[in-house]
Amino acid sequence: MSKGKFILMGVVAFLVFLGATTYLMLGNRKNRVEVCMTYQGRNSCKVASGETKDAALRTATDTACALIAAGVTETQQCTHGEPVSVRWLD
């Protein structure tokens, strides 16, 4: 196999991967939400999307808490707390 064909196959594979990733990311945007959490005086707001509203809410809460809590115990305490705000973006 020549070097040119090998490079062309690599470029095509990369474009297929990029297209599939974009499709999966955009196809999952049915329910978008911004969640703001407070834990031990620290605040974090994150946007997430999911197939269902519950999945989107859980993902946004988990992501927000991951930035303001340290360790498993604190993260669990944070994620089980009430959000400061929830804003649906659909």
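As shown above, the structure is provided for reference.
Each residue is numbered by its place in its chain's sequence as written, counting from 1. Given that the model is predicted, a residue must reach a pLDDT of at least 70 before its local features are reported, and side-chain atom pairs must reach 80 or more before they are shown or counted; all residues, however, enter totals for whole chains, interfaces and linings. Working from all heavy atoms in the structure, the side-chain values ignore hydrogens and water.

Caption draft 1: Geometry of the environment of C65. For C65, the position within the fold is in helix α2 (residues 53-68). Here the term buried applies to any residue with accessible area under 20% of the maximum for its type, exposed to any over 50%, and partly exposed to those in between, with areas from a 1.4 Å probe on protein chains only. The exposure class assigned to C65 is buried, which follows from its relative accessible area of 0%. Taking the C-alpha atoms as reference points, C65 and V35, 30 residues apart in sequence, are found 9.9 Å from one another. With sequence-adjacent residues up to four places away left out, C65 is seen in contact with M37, T75, C78 and T79. Numbering of helices and strands starts at the N terminus; helices are DSSP runs of H or I of at least 4 residues and strands are runs of E of at least 2. By definition, residues are in contact when any of their heavy atoms lie within 4.5 Å.

Caption draft 2: Quick look at the side chain of S44. Structurally, S44 can be placed in strand β2 (residues 42-50). Residue S44 is classed as buried on the basis of its relative accessible area of 8%. Think of a polar contact as two N or O atoms within 3.5 Å of one another; within protein, one of them needs to be a possible hydrogen donor and the other a possible acceptor, and neighboring residues in sequence only count if both atoms come from side chains. Polar side-chain contacts of S44 include one of 3.3 Å to the backbone oxygen of A64. With residues near it in sequence (within four places) discarded, S44 still touches V35, C36, M37, A64, L67 and I68.

Caption draft 3: Highlighting the state of the cysteines. By definition, disulfides here are pairs of cysteine sulfur atoms that lie within 2.5 Å. Within the structure shown, the criterion is met by two disulfides. A disulfide bridge connects C36 with C45, and the sulfur atoms are separated by 2.0 Å. With the S-S bond torsion at 115 degrees, the cross-link from C36 to C45 turns out right-handed. Take C36: its relative accessible area is 11%, and that puts it in the buried class. What pairs with C65 in a disulfide is C78, and their sulfur atoms sit 2.1 Å apart. The chirality of the disulfide connecting C65 with C78 is left-handed, given an S-S dihedral of about -75 degrees. One end of the pair, C65, is in helix α2; the other, C78, is in helix α3 (residues 71-79), with 13 residues separating them in the sequence. Classification of C78 as buried rests on a relative accessible area of 2%. Here the disulfide map of the protein reads 1-2, 3-4, the bonded cysteines being numbered as they appear in the sequence.

All we've got here are geometric facts, nothing functional implied.
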